[in-house]
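A structural walkthrough
Here is how the chains run, residue by residue.
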Amino acid sequence: MLFDLRPKDSRSNLFDREAELGKVVEYVGRLGLPITLVLGFRRVGKSSLILVTLKELGLPSIYIDLRKFEERQYLSYRDFVLELQREVNNLVRRFPRLLDFLGNISGVSIMGDQVLLSWKSNDRVSLASLLDAVNDWASNGIVVVLDEAQELIKARGFNILPILAYAYDNLRNVRFIISGSKMGLLYRFLKVKDPESPLFGRAMGIVELVPFTREQVAEFLRCGFKELGIEFSDFDRLYERLGGIPGWLTYFGLKYYEYRDLDRALNETVNYATMLIRQEFENFLADKAIARDRYLTIMRIVSRECAGWGEIKNGLEVTLGMEISDSRISEYLRQLLDSAWIIKLNDKYCSAEPLIGMAFRA
Ligand code: ADP
Ligand code: MG
């Protein structure tokens, strides 16, 4: 069903995205690129695209979902290793022969058919050795997914960049899919342009997902409602209010199915989106203590109408009644851009999507 709130995991439930799917499958499968990036706003369909890719490729995979650490201020080695351990055990359940390859790695113990990875500092599992073993086992390839990988920027006491670089250079069978909705942050984390960084200069496949166009929105809803056997024709009105993010459209479709009342379904969708967006913005603000009001004010300014740099500075100073230096303003805008709260269009800053705008206007 198209209007299912979970990420889609089969091609038949994925609307369109033919081109993007073709690209990821080609990069990861046929070309076997060591790293492929899947980029795009929250709820645009990255996890869905990745899950469908995995199914199409039919390769074994390890899927690390880092989104659950979004609300955290930092991520410890223990957090990461326990996630990995769960996934390794899923893999072992499907492919018991993998156990034979994991026996001799320091920090890995095997109890019956359970794999235990140690995160304690005296006996830390070496991720490079673990990947080595997995590489030896997976002669046809294995895909390691780091979903919402920008969260790894909060890693404390460990760094996976050198491990990514090691795998990139040495492990032919291991292919990473790295997704991120905060694209600027993801690039800041990967540091491909920094000569000091382990991943410096490494080429990667890049697939970007953008929101649906007006036409795609109409077609998406038409298909979804057809599946449910209901009539619907207010496509334009919907596009004006909700924009083209599949996640919001899916939610709307479900609510309309429930109520058969356009205004009610639309209001519920907007309320739901607004609540989620504000909650996510609180996470963004969590480490920005004193600048909190400044970020909120900037979001309110650009949500009324796209605004230029000068207008933002002016609006901010008037609202807060104080002078704020140019470098500070630039830093705030950079942070908001990097985390995809705003976008820059023809020298103006705008809210990244209509519902973000709505969340800060209400
Ligand atoms: P992301 O990982 O980018 O945040 P998800 O893959 O979780 O996005 O998708 C968000 C929501 O939108 C989910 O309910 C998913 O089912 C739906 N969705 C996204 N893209 C599509 C698509 N191409 N076809 C059908 N549903 C989609
Ligand atoms: Mg996702």
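Our subject is the structure listed above.
Residues numbered from 1 in each chain as written. Chains lettered and ligands numbered in written order. Predicted model: local features only at pLDDT ≥ 70, side-chain atom pairs only at ≥ 80, totals over all residues. Heavy atoms only, no water.

Here we come to the overall build of the chain. The number of helices and strands found in the chain is 15 helices and eleven strands. Taking the contacts inside the chain whose residues are at least 6 apart along the sequence as the reference set, 71% of them involve residues at least 24 apart. Summing over all exposed atoms, the chain offers an accessible surface of approximately 17300 Å²; the carbon and sulfur share of this is 48%. Of the side-chain charges in the chain, 49 are positive and 49 negative, and the distance between the mean point of each set is 2 Å. (Helix = DSSP H or I, 4+ residues; strand = E, 2+ residues; numbered from the N terminus. Contact = heavy atoms within 4.5 Å. Areas by Shrake-Rupley, 256 points an atom, 1.4 Å probe, with all protein chains shown as cover. Lys, Arg positive; Asp, Glu negative; His and termini not counted. Charge placed at Lys NZ, Arg CZ, Asp CG, Glu CD.)

Here we come to the state of the cysteines. Under the counting rule described, the total for this entry stands at one disulfide. The disulfide partner of Cys306 is Cys350, and the S-S distance across this bridge is 2.1 Å. One disulfide, between Cys306 and Cys350, carries an S-S torsion of 120 degrees and so falls in the right-handed class. Placement of Cys306 in the loop between helix H12 (292–304) and helix H13 (309–320) and of Cys350 in strand E11 (residues 348–351) is noted, with a sequence separation of 44 residues between them. The exposure class assigned to Cys350 is buried, which follows from its relative accessible area of 5%. (Disulfide = S-S within 2.5 Å. Buried < 20%, exposed > 50% of the residue type's maximum accessible area, 1.4 Å probe, protein only.)

Bridging between strand E10 (residues 342–345) and E11 involves four bridges; their strand directions are antiparallel. Bridge pairing in E11 links Leu345 to Lys348. (Pairing = 2+ DSSP bridges.)

Turning our attention to helix H9 (residues 235–242). The complete set of buried residues in H9 reads Phe235, Leu238 and Leu242. On an axial view of H9, the arc spanned by its buried residues comes to 65 degrees, and they lie on one face. Contacts made by the buried residues of H9 are with helix H8 (214–228), helix H10 (246–259), helix H11 (262–285) and helix H15 (354–361). Of the residues trailing H9, Gly243 is marked for its positive phi of about 75 degrees. (Arc of directions from axis to C-beta.)

With parallel pairing, five strands are arranged side by side in an open sheet as E2-E6-E8-E1-E9. Each edge of the open sheet is held by one strand with a lone partner, namely strand E2 (61–65) and strand E9 (205–208). The average undirected angle you get between the axes of adjacent strands in this sheet is 15 degrees. (Axes fitted to C-alpha atoms, helices over the stretch in contact; angles between N-to-C directions.)

Another aspect to go through is the packing of H11 against H15. Where H11 contacts H15, the two axes come as close as 9 Å, and the packing angle between them is 80 degrees. One way to sum up the angle between H11 and H15 is to call them roughly perpendicular. Where H11 abuts H15, its residues Val270, Ala273, Thr274, Ile277, Arg278 and Phe281 lie against Leu355, Ile356, Met358, Ala359 and Phe360. Taken together, the residues that form the contact of H11 with H15 break down as nine nonpolar, one polar and one charged. (Parallel < 35°, antiparallel > 145°, perpendicular 65-115°, else oblique. Nonpolar A, V, L, I, M, F, W, Y, C, P; charged D, E, K, R; others polar.)

In this section: the pairing of strand E4 (residues 108–111). In terms of strand pairing, E4 meets strand E5 (residues 114–117) through four bridges, oriented antiparallel. Each bridged residue has a counterpart across the sheet, and for Met111 the counterpart in E5 is Gln114. Taking the residues that link successive antiparallel strands as the turn, the E4-E5 hairpin has two residues, and the phi of Gly112 there is positive, at about 65 degrees.

Another point: the environment of Pro7. Within the fold, Pro7 resides in the segment before helix H1 (18–30). Among all residues touching Pro7, those that are not within four sequence positions of it are Ser47, Ser48 and Leu51.

This part is about the environment of Val270. Tracing the sequence through the fold places Val270 in helix H11. For Val270, a relative accessible area of 9% translates into the label buried. Distance from Val270 to Lys154, taken between C-alpha atoms, is 31 Å for residues 116 residues apart in sequence. In this structure, Val270 is in contact with Arg241, Leu242, Leu355 and Met358, ignoring residues within four places of it in sequence.

A few words on the site of ligand 1. Lining the immediate environment of ligand 1, one finds 23 residues, of which Arg6, Lys8, Arg43, Lys46 and Ser48 sit closest. Asp4 is positioned with one of its backbone polar atoms (N or O) 3.1 Å from an oxygen atom of ligand 1. A distance of 3.4 Å separates an oxygen atom of ligand 1 from a polar backbone atom of Gly247. If ligand 1 stood free it would expose 550 Å²; the protein chains cover 96% of that surface. Secondary structure elements with two or more residues in the shell around ligand 1: helix H2 (46–57) and H10. The residue inventory of the shell around ligand 1, partitioned by class, reads ten nonpolar, six polar and seven charged. (Near = heavy atom within 4 Å. Polar contact = N/O pair within 3.5 Å; in protein donor to acceptor, adjacent residues only side chain to side chain.)

A few words now on the packing of aromatic side chains. Tallied over the full model, the rule gives 22 aromatic pairs. Seen in terms of ring centroids, Phe212 and Phe220 are 5.5 Å apart; in terms of plane orientation they differ by 50 degrees. Their pairing is tilted. Each of the two residues, Phe212 as well as Phe220, counts as buried. Ring centres of Tyr251 and Tyr272 lie 3.8 Å apart, and the angle between their planes is 5 degrees; on these two criteria the pair is classed as stacked. Of the two residues, Tyr251 is situated in helix H10 and Tyr272 in helix H11; the sequence distance between them amounts to 21 residues. Relative accessible area serves as the criterion here: at 11%, Tyr251 is assigned to the buried category. One aromatic cluster in this structure is built from Phe3, Phe15, Phe212, Phe220, Phe225, Phe232, Phe235, Phe252 and Tyr256. In this structure, Lys120 packs its charged tip against the face of Trp119, placed 5.2 Å from the ring centre. For the cation-ring pair, Lys288 lies above Phe284, with the distance from its terminal atom to the ring centre recorded as 4.0 Å. (Phe/Tyr/Trp six-rings, centres within 6.5 Å; stacked < 30°, edge-to-face > 60°. Lys NZ or Arg CZ within 6 Å of the ring centre and 35° of its normal.)

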